[in-house]
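# Tertiary structure, described
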Amino acid sequence: MMIQIGTGCEHVLRRPISIAAVDEDSLTLVYRTVGEGTRWLSKRKSGDKLDVLGPLGSGFPLPPPNAEVLVVGGGIGSPPLYQLASELTGITENVDLALGFRSKSECFWIDEFSKLGNLAIATDDGSAGVQGSVIDLVNKFQSAGKSWDYVYACGPVGMLRALQEHFAGQAVHGYVSLEERMACGVGACYGCVCKTEDKAFAKRICADGPVFDWNEVIL
Ligand SMILES: Cc1cc2nc3c(=O)[nH]c(=O)nc-3n(C[C@H](O)[C@H](O)[C@H](O)COP(=O)(O)OP(=O)(O)OC[C@H]3O[C@@H](n4cnc5c(N)ncnc54)[C@H](O)[C@@H]3O)c2cc1C
Ligand code: FES
């Protein structure tokens, strides 16, 4: 979603926030307060109206029935994976989730995620789950004999790159959701392009993504 901040005059550019969950009459966003826009958002009260554009862009392509699936989230990249994991429950029972956070205080929706699959948590400081990164969790799963047909990930680009490298040469379908600063959010300004395999900056994350096959983009 692209969310207007204030009247739109003080902050001309809308802020992109992923949809974390959706049902027939509600839509849930989870966000971290980092700057003026999200600070303004954090001060909205029940009953206030928001001016939003969306839903925009592509979602994760779903796997075939009973596929072995790994879902990997890094920090505030995890919210859109909640909706994905919820939808996966109707398709396969073989879902592993690896979520990485800076520390325990930044972990969120652990109980909710744990209902959707076999959940493992890592934190940088070891204050919750395993001390380390999501790659450590992936290694741990694999040491226990796990393998996957599909990997879905959202988080910092360094984490996505590490995952892509980890699975290089393995027969795994990988999809990554990219987050980039965005201006228009609808494909008009070319402010959010990413590099593709042919080295051209040809893909707009907002309109052609944000979800891409990890073989399609250079992370
Ligand atoms: C497709 C997409 C989905 C996103 N989903 C979520 C979400 O579900 N929850 C969430 O908390 N955040 C999400 N983000 C990041 C969110 O858009 C930014 O945190 C937000 O725009 C910051 O606005 P601000 O006015 O508060 O901060 P600003 O004053 O604009 O910036 C403050 C700080 O945040 C950094 N920042 C700003 N925009 C981004 C960005 N797009 N990506 C990374 N860092 C940024 C800046 O570099 C700066 O350090 C998403 C971004 C994209 C592109
Ligand atoms: S933000 Fe304008 S093209 Fe993507």
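Because the structure is predicted, anything quoted here is derived from the model rather than measured. (Residues numbered from 1 in each chain as written. Chains lettered and ligands numbered in written order. Predicted model: local features only at pLDDT ≥ 70, side-chain atom pairs only at ≥ 80, totals over all residues. Heavy atoms only, no water.)

## Description of the nonpolar core
Among the nonpolar cores identified, the biggest contains 30 residues, and Leu70, Val72, Val151, Leu163, Phe167, Val176 and Leu178 are the most heavily contacted of them. Among the elements of the structure, β6 (69-74), β8 (118-123), α4 (134-143), β10 (150-154), α5 (157-166) and α6 (205-208) are those that each provide at least two residues to this core. Among residues more than four places away in sequence, those in contact with Leu178 are Leu160, Cys194, Ile205, Pro210, Phe212, Val217 and Leu219. Counting residues in each nonpolar core, the second largest holds 27 residues, with Ala20, Phe60, Leu81 and Phe113 among its members. (Core = buried A, V, L, I, M, F, W, Y, C linked by side-chain atoms within 4.5 Å. Buried < 20%, exposed > 50% of the residue type's maximum accessible area, 1.4 Å probe, protein only. Helix = DSSP H or I, 4+ residues; strand = E, 2+ residues; numbered from the N terminus. Contact = heavy atoms within 4.5 Å.)

## Comments concerning unusual backbone geometry
Cis geometry marks the peptide bond from Gly54 to Pro55, where omega comes out at 0°. Positive phi, close to 65°, is recorded for Asn66, a residue that is not glycine. When its relative accessible area of 56% is taken as the criterion, Asn66 is described as exposed.

## Re the site of ligand 1
Contacts to ligand 1 come from 17 residues, most closely from Arg15, Pro16, Arg32, Thr38 and Arg181. Here an oxygen atom of ligand 1 sits 2.7 Å away from a polar atom, N or O, in the side chain of Arg15. Take Glu179: an N or O atom from its side chain is 3.4 Å from a nitrogen atom of ligand 1. Isolated, ligand 1 exposes 850 Å² of accessible area, and the fraction of that covered by the protein chains is 75%. At the level of elements, β2 (11-16) and α1 (36-42) are the ones that each hand at least two residues to the shell around ligand 1. A total of three residues in the shell around ligand 1 trace back to one element, the largest contributor, which is α1. (Near = heavy atom within 4 Å. Polar contact = N/O pair within 3.5 Å; in protein donor to acceptor, adjacent residues only side chain to side chain. Areas by Shrake-Rupley, 256 points an atom, 1.4 Å probe, with all protein chains shown as cover.)

## Things to note about the packing of α4 against α5
Axis angle and axis distance: for two packed helices, these are the angle between their axes and the distance between the axes, and together they describe the pair. Relative orientation of the contacting elements α4 and α5 amounts to 30°, with a least axis distance of 10 Å. One finds that α4 runs roughly parallel with respect to α5. For the element pair α4 and α5, the recorded crossing hand is right-handed. On α5, the residues that touch Val134, Ile135, Val138, Asn139 and Gln142 of α4 are Met159, Ala162, Leu163 and His166. Taken together, the residues of the contact of α4 with α5 sort by class into six nonpolar, three polar and no charged. (Axes fitted to C-alpha atoms, helices over the stretch in contact; angles between N-to-C directions. Parallel < 35°, antiparallel > 145°, perpendicular 65-115°, else oblique. Left-handed = near helix turned anticlockwise from the far one by under 90°. Nonpolar A, V, L, I, M, F, W, Y, C, P; charged D, E, K, R; others polar.)

## Thoughts on α4
Among the residues making up α4, those that are buried are Val134, Ile135, Leu137, Val138 and Phe141. Seen along its axis, α4 keeps its buried residues to an arc of 155°; they face one direction. With respect to the buried face of α4, the exposed residues turned more than 90 degrees away are Lys140 and Ser143. Packing partners of the buried residues in α4 comprise β6, β7 (95-101), β8, β9 (130-131) and α5. (Arc of directions from axis to C-beta.)

## Here's the deal with the state of the cysteines
Going through the model one piece at a time under the given rule, you end up with zero disulfides. We note that Cys194 lacks a disulfide partner, and the nearest cysteine sulfur, in Cys192, lies 7.9 Å from it. (Disulfide = S-S within 2.5 Å.)

## Examining the sheet that holds strand β1 (residues 2-5)
Taking strand neighbours across the sheet as the criterion, the three strands line up as β2-β1-β5 in an open arrangement whose pairing is antiparallel. Lying at the two open borders of the sheet, with one neighbouring strand each, are β2 and β5 (52-53). Where β1 meets β2, three bridges bridge the pair, whose relative direction is antiparallel. Across the sheet, the residue bridging to Ile5 is His11, located in β2. (Pairing = 2+ DSSP bridges.)

## Considerations on helix α2 (residues 79-88)
With eight of ten residues buried, α2 lies mostly within the body of the structure. The set of residues buried in α2 consists of Pro79, Pro80, Leu81, Tyr82, Gln83, Leu84, Ala85 and Leu88. Considering only its buried residues, α2 is in contact with β3 (21-22), β6, β7, α3 (110-114) and β10.

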